[in-house]
Each structure stands twice: as structure tokens, then as C-alpha cells.
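Residue-level structure breakdown
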Amino acid sequence: MNGALRWFRARSVREQRLLLLMMAVAVPVLVWLGVWRPLAGALDTARERHAAAVERHGRLLAAAEGLKHARRPAETPGGDLSAYVGEAAANAGLTLASATAQGRDRVAVSITSGDPRAIIGWLRGFEQQGIVVQEARMTPGQSGSAALTAVLSRPGR
């Protein structure tokens with residue numbers, strides 16, 4: 001420090017004033033660049049993370065509330081599953097090419113041509129009734145139709 005003070009005093013008065021002016025400008029700029037900007041950036045990041053956490057928390061609370069009031073799935077229909085699947089297809093306006101029973105609680109179905117939205121709705125209806133879609137393959141057909149091969153089963157039986 002003594003060397004810097006000796007060097008400063010060796011300068012002319014004009015140079016000393018210019019050096020003091022330079023220090024008066026440089027110190028606030030360095031404080032702004034080295035302290036203020038990083039702290040302000042960290043504060044902005046923390047605010048964004050907090051807002052995202054509050055939003056996630058709200059979504060989780062809404063989902064938990066929805067689960068409290070969720071309906072229990074409908075009872076899985078009893079009896080012959082292949083007959084039930086055929087009846088459900090007819091009710092949905094779909095024509096089954098085949099419905100092959102693979103035991104009492106499992107059936108392989110095939111639809112050669114149908115409306116894809118109707119097919120998806122038909123499968124979704126089974127899942128809402130507790131019937132599991134174990135395998136499903138839908139391939140596009142001509143003029144907006146689709147073909148389906150699927151395996152449906154009752155769970156846990």
C-alpha cells in the first residue's frame with residue numbers, strides 16, 4: 001500500500017485529480033457489475049422459481065382434490081367377455097371382423113374398418129369399466145378409416 005501511495009504522490013496535481021475522478025467512476029461501476037447485477041439476477045431467478053413452485057403446488061392441490069371426489073370405476077361386467085365386447089361394438093356403431101375368446105376373461109378383437117375416433121372412444125369405454133386393453137394396434141385405412149387389432153381382458157381374474 002505504501003508503494004501505491006508513494007506512486008500517487010509522485011504524480012502531478014492534475015494527474016492526481018484525474019486518477020481520483022477515474023476511481024470515483026470505476027468503483028461504482030465495479031460495485032454495480034460485481035455485486036448489484038449478480039444479486040439482482042439471483043433475486044429474479046428466485047422469484048421465477050418461487051412462482052413456478054406456487055403454480056405446481058396449486059396444480060397438485062387441485063389434482064389431489066380431484067382425486068378425493070373421483071368416481072370409482074364401474075364394475076367390470078360379468079359373463080362372457082367376447083359377447084359383451086361384440087354388443088359394445090354394435091352399440092358404438094363398429095363392426096367386429098372377429099372376437100376370439102382366449103378363456104373366460106380375455107378376448108382378441110379385430111376391426112377391419114371404422115372411424116378412428118369411434119374406435120378410441122370404444123376402447124376408452126372399456127377402460128372406464130375396468131376392462132384392460134392389453135395390446136392394441138391401429139393402422140390407418142383408406143379415406144380416414146382405421147383398422148384395429150386388440151386384446152382385452154378383465155384384471156385380476
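This text goes with the structure placed above it.
In this report, we go over the structure that sits alongside the text. Remember, predicted model here, so these are calculated numbers, not experimental data.

Our next topic: the side chain of Ser82. Relative to the assigned elements, Ser82 resides in helix α3 (residues 81-91). We classify Ser82 as buried; its relative accessible area is 16%. Of the polar contacts made by the side chain of Ser82, one reaches the side chain of Asp80; its length is 3.1 Å. Those residues in contact with Ser82 that lie beyond four places of it in its chain are Ala99, Ala101 and Val107.

Following the criterion strictly, the structure yields 2 aromatic pairs and no others. Here the aromatic rings of Trp122 and Phe126 are separated by 4.9 Å at their centres, their planes lie at 70°, and the arrangement is edge-to-face. Of the two residues, Trp122 and Phe126 are both situated in helix α4 (residues 116-128); the distance of 4 residues between them amounts to about one turn of the helix. We classify Trp122 as buried; its relative accessible area is 5%. Each residue in the set Tyr84, Trp122 and Phe126 is aromatic and connected to the rest through ring pairs, giving one cluster. Above the plane of the ring of Trp32 lies Arg37, whose end atom (NZ or CZ) is 5.3 Å from the centre.

Buried within α3 we find Leu81, Ser82, Val85, Ala88 and Ala89. With its buried residues spanning 125° around the axis, α3 presents them on a single face. Along α3, the residues that are exposed and aim more than 90 degrees away from the buried face are Ala90 and Asn91. Elements in contact with the buried residues of α3: β1 (98-101), β2 (106-114), α4 and β4 (146-153). A positive phi of about 80° marks Gly93, the residue just after α3.

Attention now goes to the pairing of β2. Relative to β2, β1 runs antiparallel, the two sharing 4 bridges. Its bridge partner being in β2, Ala99 is matched across the sheet by Val109. Where β1 folds back on β2, the antiparallel hairpin that results is connected by 4 residues, among which Gly103 adopts a positive phi of roughly 100°. One ladder, built from 7 bridges, connects β2 with β4; its direction is antiparallel. In the sheet register, Ala108 faces β4, and the bridge partner there is Val151.

Another point: the pattern of salt bridges. Here the structure, examined in full by the defined rule, presents 4 salt bridges. With its nearest N and O atoms 2.5 Å apart, the salt bridge here joins Asp105 to Arg154. Note that Asp105 is positioned in the loop between β1 and β2 and Arg154 in the segment after β4, a separation of 49 residues in sequence. Take Arg154: its relative accessible area is 3%, and that puts it in the buried class. Taking the shortest distance from any N to any O, the salt bridge between Arg117 and Asp115 comes out at 3.6 Å. The exposure class of Arg117 is exposed, given its relative accessible area of 67%.

How each quantity is defined
Residues numbered from 1 in each chain as written. Predicted model: local features only at pLDDT ≥ 70, side-chain atom pairs only at ≥ 80, totals over all residues. Heavy atoms only, no water. Helix = DSSP H or I, 4+ residues; strand = E, 2+ residues; numbered from the N terminus. Buried < 20%, exposed > 50% of the residue type's maximum accessible area, 1.4 Å probe, protein only. Polar contact = N/O pair within 3.5 Å; in protein donor to acceptor, adjacent residues only side chain to side chain. Contact = heavy atoms within 4.5 Å. Phe/Tyr/Trp six-rings, centres within 6.5 Å; stacked < 30°, edge-to-face > 60°. Lys NZ or Arg CZ within 6 Å of the ring centre and 35° of its normal. Arc of directions from axis to C-beta. Pairing = 2+ DSSP bridges. Salt bridge = Lys/Arg side-chain N within 4 Å of Asp/Glu carboxyl O.

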